[in-house]
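# Examination of the molecular architecture
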Amino acid sequence: MAILVMRPFPDNEATASALRAAGYGVLLSPALRFEPVAVRDELDAHYNAVIVTSANALRGIEGQALPERLRDTKVFAVGDATAQAARAFGFADVESASGDAVALCELVEKRLRGSGQICYLAGADLSRDLGTDLNARGYHVTTLTTYRMIPLPRFSESVEAAFAAGDVEAILHYSRRSARSFVGAVQAAGLEISALALPQCCISDVVAAVLRDAGASRVLAASSPDESGIFEVLHRAIPLERRRAKSDSV
């Protein structure tokens, strides 16, 4: 029996390691494929801060000229994992909002106090446009698209076989777009009844809404939008004690 992780590569590898360390079986099925985008930025532009809501936004500028120019600029990250990625990328002054987009906006407001030039490193498809939010608060935000995530329309043969054999016991969803891709793959494989009846463990209510709208019957949303939150939801849905009891009875 395995937990199906829909998170894209390479973040799914860290998730898989944590799940295995906790005692769960794991099956990886990235719902989206990362693709960097060449950034167009004014070379003489000056920024008081950089905001980042995903480590993918940093991966998207790897090998380009922009990172070196921004290296000494203050970085505000949406959460601790993104902040850690920014430090690993070479940014020295990084602060985490330890939350969601709302928390990130509040952190920027607290530190910059209503003025400044901000560089927003973002994906091509935004669930929430922080540039618009911060522009409305008086900041001048330049949004630079650094990557896009391409939906993968079908599961692999091994994942479809795992569903057919009843070997999938829960699914982890980390974004609204990956949840939509999952629903599309479920429909393409004709697995609506079996797959949508399983526990759908979601990182937020926004992601959970996609699964509920698709007809999933057991949807759980994390209380905090991070990996610890989604693991807590998973443990409630599939307690390790119950899994061990099943193994012992076989």
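Everything numeric in this text was worked out from a predicted model, so none of it was measured.

What follows deals with the packing of helix α8 (residues 176-189) against helix α10 (residues 205-214). Two numbers describe a pair of packed helices, the interaxial angle and the distance between the axes. At a closest axis distance of 8 Å, the pairing of α8 and α10 adopts a crossing angle of 20°. By the angle between their axes, α8 is roughly parallel relative to α10. By crossing handedness, the relation of α8 to α10 is classed as right-handed. For the pair α8 and α10, contact is made by R176, A179, R180, F182 and V183 and by V206, V207, V210, L211 and A214, respectively. Here the contact of α8 with α10 is composed, by residue class, of eight nonpolar, no polar and two charged.

By the secondary structure assignment, S181 is in helix α8. Residue S181 is classed as buried on the basis of its relative accessible area, which comes to 9%. For S181, the residues in contact, after removing those within four places along its chain, are A31, L32, P151 and L152.

On to the sheet that holds strand β2 (residues 26-28), then. One open sheet accounts for five strands, arranged β2-β1-β9-β10-β11; its pairing is parallel. Each end of this open sheet is capped by a strand with a single partner; those strands are β2 and β11 (219-221). Neighbour-to-neighbour, the strand axes of the sheet open up by a mean angle of 25°, direction not taken into account. Two strands pair when backbone bridges link them, and strand β1 (residues 2-5) and strand β9 (residues 168-173) are joined in this way by four bridges, in the parallel orientation. Residue pairing for β9: V5 is matched across the bridge by L172. Strands β1, β2 and β9 of the sheet are contacted by helix α1 (residues 11-22), whose axis makes an angle of about 170° with β2.

Moving on: the nonpolar core. Counting 68 residues, the largest nonpolar core has L121, F163 and F182 as its most contacted members. Ranked by the residues each element gives to this core, the list is headed by α8, at five residues. When residues of this core are assigned to domains, at least three fall in each of domain 1 (2-31 + 152-245) and domain 2 (34-150). Residues contacting F182, with those up to four places away along its chain left out, are L4, M6, F155, F163, I171, H173, A195, L196, Q200 and L211. Residues V78, C105, L107 and Y139 belong to the second largest nonpolar core, which totals 18 residues.

On to the environment of A65, then. Looking at the element boundaries, A65 is found in the loop between α2 (55-59) and α3 (66-70). Taking relative accessible area as the criterion, A65 reaches 64% and is therefore assigned exposed.

This brings us to the UniProt feature "domain: Tetrapyrrole biosynthesis uroporphyrinogen III synthase" (unreviewed entry) in the protein. The positions UniProt marks with the feature "domain: Tetrapyrrole biosynthesis uroporphyrinogen III synthase" (unreviewed entry) are residues 14-231. Its end C-alpha atoms 13 Å apart, residues 14-231 is made of 41% helix and 23% strand.

Cut-off values and rules
Residues numbered from 1 in each chain as written. Predicted model: local features only at pLDDT ≥ 70, side-chain atom pairs only at ≥ 80, totals over all residues. Heavy atoms only, no water. Axes fitted to C-alpha atoms, helices over the stretch in contact; angles between N-to-C directions. Helix = DSSP H or I, 4+ residues; strand = E, 2+ residues; numbered from the N terminus. Parallel < 35°, antiparallel > 145°, perpendicular 65-115°, else oblique. Left-handed = near helix turned anticlockwise from the far one by under 90°. Contact = heavy atoms within 4.5 Å. Nonpolar A, V, L, I, M, F, W, Y, C, P; charged D, E, K, R; others polar. Buried < 20%, exposed > 50% of the residue type's maximum accessible area, 1.4 Å probe, protein only. Pairing = 2+ DSSP bridges. Core = buried A, V, L, I, M, F, W, Y, C linked by side-chain atoms within 4.5 Å. Domains from an automatic or database assignment. UniProt positions renumbered as here; feature names shortened; annotations may be inferred.

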